[in-house]
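Reading the structure
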Amino acid sequence: MENEVIEFDIGLGGGGGSEDGDGDDVLDEENVASCFAAVRSYSPQGDLDLEPYEGMEFESEEAAKAFYNSYARRVGFSTRVSSSRRSRKDGAIIQRSFVCAKEGFRNLNEKRTKDREIKRPRTITRVGCKAALSVKIQDSGKWVVSSFVKEHNHELVPPDQVHCLRSHRQISGPAKTLIDTLQAAGMGPRRIMSALIKEYGGISKVGFTEVDCRNYMRNNRQRSLEGDIQLLLDYLKQMHSQNPGFFYAVQGDEDQCTGNVFWADSKARSNYSYFGDTVTFDTTYRSNRYRLPFAPFTGVNHHGQPVLFGCAFLINESEASFIWLFKTWFAAMTGQPPLSMTTDHDAVIRSALMQVFPETRHRFCKWHIFKKCQEKLSHVFLEHPNFEADFHKCVNLTESTEEFESCWLSLVDKYELRDHDWLQAIYLDRRQWVPVYLRDAFFAEMSITQCSDSMNSYFDGYVNASTSLNQFFKLYEKAAESRTEKEVKADYDTMNTFPVLKTPSPMEKQASEVYTRKLFMRFQEELVGTLTFMANKVEDDGLVTTYQVAKFGDDHRAYYVRFNVLEMKATCSCQMFQFSGLLCRHILAVFRVTNVLTLPFHYILKRWSRSAKSSVALEDRVSDVINYYLESHTVRYNILRHEAFKFVEEGAESVDSYAVAMAALEVALNKVALAAKHDGRISLVNGHCREHFTRNGVHANYNIEDEQRSLACPLSEDDMDAKIQELSYQLDCANRKCEIYRANLYSVLKDIEDHKQQLSIKVQNIKLSLKDGL
């Protein structure tokens, strides 16, 4: 065998790297079997049972390298290329040395390390091993072994661990084909490795590790995305040319895009101006088995439906990239920053948000945390069937931060989870996902006690785990069209259907005319719910009255409502209005016992009303605060009492102030008596009492204060009548004109808004009919 030439097949493959996520999708066994049948010829154990010796010849340098690596695999060590010698004539390599990976020692260069901190120091692997193989080229063109050192100064790796050595972690061509096939079928690296291990009878026979498989699949996705990005840019350019209101931006050079992409059509930008108070940034699509890096910005419209505020295509997910994305998105929206924002539980996104929107309340999606809990605590779920219910109860049903803290400690002690790293991490972030810490911020949700507040993505049901970018554009447009149709249908139902009222309350009738149909139904639930609640006064400081509100016979679970009668404002310990923009049944119960018959205008958010997308406020607010006050005897009594207390305190300060106060009180008593004599037909104009009456067929009015003054300096009856008739007629004419102008303007604006809604419905119906015809 001395002059035998070895022909050795080369199998080049992947190397190490960092791990990424894994999908849990399952491929049926029949498809897996067919995939293996297509690559059955693959066998990582094709090495020749030879040992190197001086004089052994090879066809090429690569063949020599592959042979020595194959020998190293059998023996149990890893190899690397060490040194080479070049020809002085043409610079070609004429000698090459292959050594054990533990050859030599690490170069500890102080100049390279003294000025910088090494955060993750690598382990020391070189121990000065002398094992090596050197080859040099002959005049014949063949390569011959010039020297071979067999002995090692370290322990060799057993056969069942050889696949972990760097130089042996190679993915052959057939194995790559198999991975490509299974990846396209939806399997993640974990399940692909499980299939390979089962097929070849062990991990050592596969020839590479799960990390190599992950990195190979990641590189596949990256190569695929490079072509997909150009498709995306072509699509965005086309959309912008068709509609100048279509906005898109590319991070970096557009011609050589390697960064993120953002776009928003004119409808998305318009939606933000109406409903941009709370925003969801949904990055869940990057977690599917294809890692489609798609992330939409969404919100909630006046019907409680998801609306789109723009989309992002994420390639580089660093903190700097998210900062660019948030700034670009906000520049496209041209409005106020959102009051609140919901994202997945991600520290990088949180850091970027804090820098771009420091005043915006940031929340992690509770539904995603619950989902992750099932993964991180799967062993607890199996061992303790009641854990999930206890966990949900602790998070969702606690009414105060103190109650949550106590419940959480009991939970982790009961199931011995105090030292669980993931639970400890989400506990530290509790102020950003536990509902009891978020009730003082607006998130436009109908309930603060619902079991799971998922992101309710705009694209749910359209873009999913098996969506490629080639399919994405059609599905994107289909989702947008479908969401528009649903909004138009909800507008139609609101305008043309009338809900069944369940109470004789004027407040319910008012709400049915102001709110959209979906929001009214939710408000109606709260209003009807007041019938089971009792409101008892527990404190009264003259300005703010505190009520304890609880279900009949359930006083241990009470809510506290503070009611300011002067401002007609109430706050509840449940904080539902701050969280959802709808009044809770506890405040409504207090309104019931204090005879507040209609909703004060400041409790009707325009974003939940029928006119949410109108630039004109269609609500009639001309007689807002005063009329609301006068509706309730309790409110009138409390206001008068509050003012009387201030009057008494100031009047009793001195003898002089007491005399003035008594004189003023006597005048006030005469005015009140006069108002009562006229049977309550007295109105307030600029803070003065004025009576309306008809004299000699002419509508007139007079000031009671003028009547009081006339008692001291009487005028003739004819002069007084003439003066009153002249002034009152002029005032009445002006008032009538103002009322007519206001009524006409209101009518025109309402007609315009109704006509706009009807045209929108007609346009959508025409589109649907054309679509059905095609």
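Keep in mind the model is a prediction, meaning the values are calculated, not measured.

Calculation rules
Residues numbered from 1 in each chain as written. Predicted model: local features only at pLDDT ≥ 70, side-chain atom pairs only at ≥ 80, totals over all residues. Heavy atoms only, no water. Helix = DSSP H or I, 4+ residues; strand = E, 2+ residues; numbered from the N terminus. Buried < 20%, exposed > 50% of the residue type's maximum accessible area, 1.4 Å probe, protein only. Contact = heavy atoms within 4.5 Å. Salt bridge = Lys/Arg side-chain N within 4 Å of Asp/Glu carboxyl O. Pairing = 2+ DSSP bridges. Right-handed = clockwise from strand over helix to strand, strands pointing away. Axes fitted to C-alpha atoms, helices over the stretch in contact; angles between N-to-C directions. Parallel < 35°, antiparallel > 145°, perpendicular 65-115°, else oblique. Nonpolar A, V, L, I, M, F, W, Y, C, P; charged D, E, K, R; others polar. Patch = residues over 30% accessible without salt bridge, like charges linked within 9 Å, V, L, I, M, F, W, Y side chains within 5 Å. Areas by Shrake-Rupley, 256 points an atom, 1.4 Å probe, with all protein chains shown as cover. Core = buried A, V, L, I, M, F, W, Y, C linked by side-chain atoms within 4.5 Å. Expected span 1.5 Å × (residues − 1). Phe/Tyr/Trp six-rings, centres within 6.5 Å; stacked < 30°, edge-to-face > 60°.

1. Overview of the overall build of the chain
Along the backbone of the chain there are 25 helices and 20 strands. Scored against the burial criterion, the 774 residues of the chain give a buried share of 42%. For the chain, contacts bridging at least 24 residues in sequence account for 63% of all contacts bridging at least 6.

2. Observations regarding the pattern of salt bridges
According to the stated counting rule, one finds 19 salt bridges in the structure shown. Across the pair Arg-430 and Glu-405 runs a salt bridge whose closest N-O atoms are separated by 2.8 Å. Here the residue Arg-430 occupies a position in the loop between helix H15 (421-428) and helix H16 (469-496), and Glu-405 occupies one in helix H14 (residues 401-414), the gap between them amounting to 25 residues. In this structure, Glu-487 engages Lys-613 in a salt bridge whose closest nitrogen and oxygen atoms are separated by 2.8 Å. Taken together, the residues span a long stretch of sequence, with Glu-487 in helix H16 and Lys-613 in the loop between helix H20 (585-593) and helix H21 (625-631) at a distance of 126 residues. Accessibility expressed as a relative area gives 6% for Glu-487, which makes it buried. Linked through salt bridges whose partners overlap, the residues forming this network are Arg-522, Glu-525, Glu-526 and Arg-585.

3. Description of the pairing of strand S12 (residues 340-343)
Here S12 shows a buried face lined by Ser-340 and Thr-342 and a second buried face lined by Met-341 and Thr-343. Both strand S9 (residues 278-281) and S12 contribute to a ladder of four bridges, which runs parallel. Across the sheet, residue Val-279 finds its bridge partner in S12, namely Met-341. Strand direction decides the pairing type here: S12 and strand S13 (residues 361-364), joined by four bridges, are parallel. Its bridge partner lying in S13, Ser-340 is registered against Arg-361. A crossover links S12 with its parallel partner S13, the connecting element being helix H10 (residues 347-356), and its sense is right-handed.

4. What to know about the side chain of Gln-524
Structurally, Gln-524 is set in helix H18 (residues 517-529). Assessed through its relative accessible area of 3%, Gln-524 is described here as buried. For Gln-524, the contacting residues outside a window of four places in its chain are Val-500, Leu-501, Lys-502 and Glu-508.

5. Some details on the packing of helix H8 (residues 266-275) against helix H9 (residues 319-333)
The interhelical angle for the contact between H8 and H9, taken along N-to-C directions, is 85°, at an axis separation of 9 Å. Looking at the two axes, H8 sits roughly perpendicular to H9. Facing Ala-268, Arg-269 and Tyr-272 of H8, the residues of H9 in contact are Trp-329, Phe-330, Ala-332 and Met-333. In terms of residue class, the contact of H8 with H9 is built from six nonpolar, no polar and one charged.

6. Thoughts on the environment of Ala-249
Relative to the elements of secondary structure, Ala-249 occurs in strand S7 (residues 247-250). Taking relative accessible area as the criterion, Ala-249 reaches 16% and is therefore assigned buried. The residues touching Ala-249, leaving out its near neighbours within four places in the chain, are Asn-260, Val-261, Phe-262, Trp-324 and Thr-328.

7. Focus on a nonpolar patch on the surface
A grouping of Phe-647, Val-648, Tyr-658, Met-662, Leu-665 and Leu-669 is seen on the molecular surface, where their side chains present a nonpolar patch of about 580 Å² in accessible area. Mapped onto the nonpolar patch, the elements with two or more residues apiece are helix H22 (633-651) and helix H23 (655-677). Counting residues per element, the nonpolar patch draws most heavily on H23, which supplies four residues.

8. Comments concerning the sheet that holds strand S16 (residues 559-564)
In space, the four strands of this open sheet follow the order S14-S15-S16-S17, with antiparallel pairing throughout. The two strands at the open ends of the sheet, each matched to only one other strand, are strand S14 (533-540) and strand S17 (569-572). In this sheet, neighbouring strand axes are inclined to one another by 25° on average, regardless of whether the strands run parallel or antiparallel. Two elements, S14 and strand S15 (residues 544-551), share seven bridges in a ladder whose sense is antiparallel. Bridge pairing in S15 links Ala-535 to Val-549. The sheet contacts of H20 involve S14, S15, S16 and S17, and relative to S14 the element is tilted by about 75°.

9. So, the sheet that holds S7
The seven strands lie next to each other as S7-S8-S11-S10-S9-S12-S13, forming an open sheet whose pairing is mixed. Edge positions in the open sheet fall to S7 and S13, since each of these has one partner strand only. When strand polarity is set aside, the average angle formed by the axes of neighbouring strands in this sheet is 20°. Both strand S10 (residues 294-300) and strand S11 (residues 306-313) contribute to a ladder of seven bridges, which runs antiparallel. By the bridge assignment, Val-300 is partnered in S11 with Pro-306. Contacts from H8 reach S7, strand S8 (261-264), S9, S10 and S11, with the element oriented near 125° to S11. Here H9 sits on the sheet in contact with S7, S8, S9, S10, S11 and S12, set at roughly 20° to S8.

10. Let's talk about the nonpolar core
Ranked by size, the top nonpolar core spans 38 residues in total, and within it Tyr-515, Phe-563, Phe-591 and Leu-599 carry the most contacts. Elements supplying a minimum of two residues to this core: helix H17 (506-514), H18, S14, S15, S16, S17, helix H19 (576-580) and H20. Phe-281, Ala-295, Trp-324 and Ala-332 belong to the second largest nonpolar core, which has 29 residues in total.

11. Describing the pairing of S10
The element S10 is largely enclosed, with a buried count of seven among its seven residues. Of the two faces of S10, the one holding Phe-294, Pro-296, Thr-298 and Val-300 and the one holding Ala-295, Phe-297 and Gly-299 are both buried throughout. Where S9 lies against S10, two bridges are found, and the strand directions are antiparallel. The residue of S10 that forms the bridge with Phe-281 is Phe-297.

12. Let's talk about H18
Taking 1.5 Å of rise per residue, 13 residues should cover 18 Å, and H18 covers 18 Å from first to last C-alpha, within 8% of that figure. Three or more residues of H18 are buried, namely Arg-517, Leu-519, Phe-520, Arg-522, Phe-523, Gln-524, Glu-526, Leu-527 and Gly-529.

13. A short note on unusual backbone geometry
Positive phi is not limited to glycine here, since Ala-444 has a value of about 60°. Tracing the chain through its elements places Ala-444 in the loop between H15 and H16. Even without glycine at this site, Asn-595 takes up a positive phi of about 60°.

14. So, H9
Between its first and last C-alpha atoms H9 spans 21 Å; for 15 residues at 1.5 Å apiece the expected length is 21 Å, and the two agree. Those residues of H9 that sit buried are Ser-321, Phe-322, Ile-323, Trp-324, Leu-325, Phe-326, Thr-328, Trp-329, Ala-332 and Met-333. Phi turns positive, to about 45°, at Thr-334, one or two residues after H9.

15. Observations concerning the packing of aromatic side chains
Here the structure, examined in full by the defined rule, presents 38 aromatic pairs. Seen in terms of ring centroids, Phe-294 and Phe-459 are 5.2 Å apart; in terms of plane orientation they differ by 80°. Their pairing is edge-to-face. Placement of the pair is Phe-294 in strand S10 and Phe-459 in the loop between H15 and H16, with a sequence separation of 165 residues. For Phe-294, a relative accessible area of 2% translates into the label buried. Exposure remark for Phe-459: the relative accessible area of 0% places this residue in the buried category. Taking 5.7 Å as the distance between ring centres and 40° as the angle between the ring planes, the aromatic pair formed by Phe-404 and Trp-408 counts as tilted.

All we've got here are geometric facts, nothing functional implied.
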